[in-house]
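Architecture and fold: a report
For reference, the chains in residue letters:
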Amino acid sequence: MFSTVAVDGEVRRWEELPLRDFAQGFFFGAGFFTTFRIEAGEPWFLARHLARLRASLAAFPGAVRTPPSEHLAEAAVREAIERCLRADAALGPTFRGVGKLSASDGRVLLTFREHAPDLERMHREGRALDSQEPGAYRRGEPTLNHKGLAYFRQYSLMERLPLLGNEAGEVCELPTANVFFQCGGVLVTPPLSAPCLPGIIREVLLEAGQVGTLPIVERPVSFAQLAQVSACVFTNSAQVATGVPSLLGRPLPTSLALAQDIRSLVEAVAARER
């Protein structure tokens, strides 16, 4: 993570932030966050990320000291990003990486990190998914729809990246990623009630309605149905879309091309929404 950050829009240095200003988040994990991709200094889908963050804060009134609304306004956050990029030569106006907004203790903390070092390789080669956790969630559990609360449930599983399922034998998501399966001529993603995180890339794809000739739909997917899947992709805001060349030991050679098509679609939408 870069040392330059912003607190309520004010450019600061990470090492100079008083711990007492973030005691609720630091000691108790009480807060919500969102991470967004930045390309050439431009945040992708910032308005969508802020809307989701505000919705999470509103869903748990009183649980978190909510920051003043003006600090979560899109114009204010854009200005804070620009100030940080200008202030730090290691970032700069053409920065490529990931921004993170954390809301707790009545404050908004903005931080930056570079893209993962294996990002390009992941796009080229994808990642196999070879494990599963059926029954990890309960259908309809609302906390899993909020970034922050979901993170605590997923942290220990991130390296292994299993398919997480509910008590009904349905697939929900991956740790920190939504999942899409090509079943016949349709691209399917589990519903929010599965439950899963309302990912921003997931939202963009569902609004688009299709990728190439494949309609995109939201419906339950059972673990038993995975034997009929012909391609699989997982999505999040940092990686956008990653192909799954092997799912539970079964090769899915067309997943990488599907992921590339999804990345192209998302990039086009991001350009329109700047």
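Source: prediction; values computed, not measured.

Counting secondary structure elements, the protein contains 7 helices and 17 strands. Computed over C-alpha atoms, the radius of gyration of the protein comes to 19 Å, within 12% of the 19 Å expected from 2.2 N^0.38 for 274 residues, which places it in the range of a compact globule. By sequence separation, contacts in the protein at least 24 residues apart represent 68% of the contacts at least 6 residues apart. Across the protein, the 29 positively charged side chains and the 30 negatively charged ones have centroids separated by 2 Å.

This paragraph deals with the pairing of strand β6 (residues 107–114). A regular strand places its side chains on the two faces of the sheet in alternate fashion. Sheet topology places strand β1 (residues 4–7) next to β6; 2 bridges connect them, and they run antiparallel. Bridge pairing links Val7 to Leu109 in β6. With 8 bridges connecting them, strand β5 (residues 97–104) and β6 associate as antiparallel partners. Residue pairing across strands places Leu101 opposite Leu110, the latter belonging to β6.

The next subject is unusual backbone geometry. In this model, Ala194 is joined to Pro195 through a cis peptide bond whose omega is 5 degrees. Looking at where Pro195 falls in the secondary structure, it is placed in the loop between β11 (186–189) and α6 (200–208). Positive phi, close to 55 degrees, is recorded for Phe45, a residue that is not glycine. Relative to the elements of secondary structure, Phe45 occurs in the loop between β4 (42–43) and α2 (46–59).

By way of backbone hydrogen bonds, the strands of a sheet pair with one another, either parallel or antiparallel. Judged by pairing direction, the sheet is antiparallel, and its 6 strands sit side by side in the order β2-β1-β6-β5-β3-β4 without closing on themselves. One side of each edge strand has no neighbouring strand; the edge strands of this open sheet are β2 (10–13) and β4. Both strand β3 (residues 32–39) and β4 contribute to a ladder of 2 bridges, which runs antiparallel. Counterpart to Ile38 in the pairing with β4 is Pro43. Its contacts with the sheet put α2 on β3, β4 and β5, and the angle it makes with β3 is roughly 175 degrees. Running over the sheet, helix α3 (residues 74–87) touches β1, β2, β3, β4, β5 and β6 and is turned about 45 degrees from β6.

This part covers the nonpolar core. Soluble, globular proteins show a tendency: their nonpolar side chains are buried together. Phe36, Ile81, Phe95, Leu101, Leu110 and Phe112 are the most contacted members of the largest nonpolar core, which has 24 residues in total. Mapped by element, the contributors of at least two residues to this core are β3, α2, α3, β5 and β6. No other element matches α3, which puts 5 residues into this core. In this structure, Leu101 is in contact with Phe32, Phe33, Thr34, Phe36, Leu50, Leu53, Val77, Val108, Leu109 and Leu110, ignoring residues within four places of it in sequence.

What follows deals with the sheet that holds strand β9 (residues 171–173). The strand order β7-β8-β9 describes an open sheet built from 3 strands, whose pairing is mixed. Two strands bound the open sheet, and with one partner strand each, they are β7 (132–137) and β9. The sheet shows a mean angle of 45 degrees between the axes of neighbouring strands, direction not considered. One ladder, built from 3 bridges, connects β7 with strand β8 (residues 163–166); its direction is parallel. Within β8, the position partnered with Tyr137 by the bridge is Asn166.

Remark: the centre distance and the inter-plane angle together describe each pair of aromatic rings, the angle taken between the planes. Enumeration according to the criterion identifies 4 aromatic pairs in this entry. Measuring from ring centre to ring centre gives 5.6 Å for Phe2 and Phe95, while their planes differ by 85 degrees; the resulting arrangement is edge-to-face. Within this pair, whereas Phe2 is found in the segment before β1, its partner Phe95 is found in the loop between α3 and β5, the two being separated by 93 residues in sequence. Members of the aromatic cluster, joined through ring pairs, are Phe2, Phe95 and Phe112. Sitting over the ring of Trp44, Arg37 keeps its end group 5.4 Å from the ring centre. The ring of Phe33 carries Lys100 above its face, with NZ or CZ at 4.5 Å from the centroid.

Another aspect to go through is the environment of Thr213. Here Thr213 is to be found in the loop between β12 (210–211) and β13 (214–218). We classify Thr213 as exposed; its relative accessible area is 76%. Put simply, Thr213 and Val186 are 27 residues apart on the chain and 8.8 Å apart in space, counted from C-alpha to C-alpha.

Rules used throughout
- Residues numbered from 1 in each chain as written.
- Predicted model: local features only at pLDDT ≥ 70, side-chain atom pairs only at ≥ 80, totals over all residues.
- Heavy atoms only, no water.
- Helix = DSSP H or I, 4+ residues; strand = E, 2+ residues; numbered from the N terminus.
- Rg over C-alpha atoms; globule rule 2.2 N^0.38 Å.
- Contact = heavy atoms within 4.5 Å.
- Lys, Arg positive; Asp, Glu negative; His and termini not counted.
- Charge placed at Lys NZ, Arg CZ, Asp CG, Glu CD.
- Pairing = 2+ DSSP bridges.
- Axes fitted to C-alpha atoms, helices over the stretch in contact; angles between N-to-C directions.
- Core = buried A, V, L, I, M, F, W, Y, C linked by side-chain atoms within 4.5 Å.
- Buried < 20%, exposed > 50% of the residue type's maximum accessible area, 1.4 Å probe, protein only.
- Phe/Tyr/Trp six-rings, centres within 6.5 Å; stacked < 30°, edge-to-face > 60°.
- Lys NZ or Arg CZ within 6 Å of the ring centre and 35° of its normal.

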